[in-house]
Amino acid sequence: MLGIDPGTATMGWGVIRQEGIRLRYVQHGAITTPSTWPMPRRLGRLFDGVTELVEGYAPQAVAVEELFFNTNVTTGISVGQARGVAILAAYRAGIEVAEYTPLQVKQAITSYGRADKRQVQEMVKALLKLPDIPRPDDAADGLAIAICHAFTVRMGGARSQEAASDAAARPPRTPSSRPGSR
C-alpha cells in the first residue's frame, strides 16, 4: 500500500506491506519540487514521481489524504492539484485509490481524532517498529495514510474513489434515520 500526503512543494509517500495482521515497513520518502518552478512543471514532476512509485512498488492500493477545509484558498487549490495528479497517476496504472480525512488518519493511528502531529509520528514509528520517526514530516504522513488504509481494509471499510462516488449519489441520511438515533 502506498500512502501519499500531497503538499504544495513536497509530496510525502510511504509504502507498507500487510502480511496477515502484521504491517511491514517497505520504504518512505518525498517527491520535492522547487517552489520557483511554475505550477505545471511542479505538477508534472509530482505526476512522474507517483507514476515511478506505482510502477516500482506495484501497490494494491494508493491511499491519499482527502482535501480538508483549508482557510488559505491558494494553498487549498495547490494541494488539490497535487492530489489530482497523484490520483490520476494511480488511476492510469489501474490501482485502487482510497481517500481519508486527516481526522480518519489520526483516529486510525492513535485512536484519538485530535492527536497532534508528533503523536501520529510516534505511533507510525511504533507500529512499523522503526528506530526513528520517518523524515521528512510529509513522508511520515504518507506512512500514516498507508497504515490507516491497511487498518480500514482489515476492518472491511475500504473507501475507494468509486465507493465514495456511489455513496455521494445516494441521498444523505437524516439524523433520525441513522442507526441508534431516536
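Treat the numbers as computed from the prediction; the structure is a model and nothing was measured.

Engineer: Please clarify how the confidence of the model for the protein chain should be interpreted in this entry.
Structural biologist: Do not read the predicted coordinates in detail wherever pLDDT is low. Across the protein chain, the average pLDDT comes to 85, with 82% of residues at or above 70. Taking the mean pLDDT of every element in the protein chain, the minimum, 43, falls on helix H6 (residues 161-169) and the maximum, 97, on helix H4 (residues 117-127). Contacts from residues 160-182, a stretch scored under 50 in pLDDT, to residues over four places away or in other chains number 10 contacts.

Engineer: Hey, could you run me through helix H5 (residues 137-154) in this one?
Structural biologist: Two residues of an α-helix separated by three or four positions point the same way, owing to the 3.6 residues in each turn. For H5, built from 18 residues, the straight-helix expectation of 26 Å at 1.5 Å per residue is met to within 8% by its first-to-last C-alpha distance of 26 Å. Counted residue by residue, H5 has 14 buried out of 18 residues, so it is predominantly covered. A positive phi of about 80 degrees marks Gly156, the residue just after H5.

Engineer: Would you mind going over the sheet that holds strand E1 (residues 2-5) with me for this structure?
Structural biologist: Where strands meet in a sheet, backbone hydrogen bonds hold them as pairs that are either parallel or antiparallel. Reading across the sheet, the five strands line up as E3-E2-E1-E4-E5 and stay open at both edges, with mixed pairing between neighbours. At either end of the open sheet lies a strand with only one pairing partner, and these are strand E3 (22-32) and strand E5 (96-100). Here the average twist between neighbouring strands, direction ignored, is 20 degrees. Along the sheet, helix H1 (residues 39-57) contacts E1, strand E2 (10-19), E3 and strand E4 (61-65); its crossing angle with E3, the most-contacted strand, is approximately 155 degrees. Packed onto the sheet, H5 meets E1, E2, E3, E4 and E5 and runs at close to 35 degrees relative to E2.

Cut-off values and rules
Residues numbered from 1 in each chain as written. Predicted model: local features only at pLDDT ≥ 70, side-chain atom pairs only at ≥ 80, totals over all residues. Heavy atoms only, no water. pLDDT = per-residue confidence, 0-100. Helix = DSSP H or I, 4+ residues; strand = E, 2+ residues; numbered from the N terminus. Contact = heavy atoms within 4.5 Å. Expected span 1.5 Å × (residues − 1). Buried < 20%, exposed > 50% of the residue type's maximum accessible area, 1.4 Å probe, protein only. Pairing = 2+ DSSP bridges. Axes fitted to C-alpha atoms, helices over the stretch in contact; angles between N-to-C directions.

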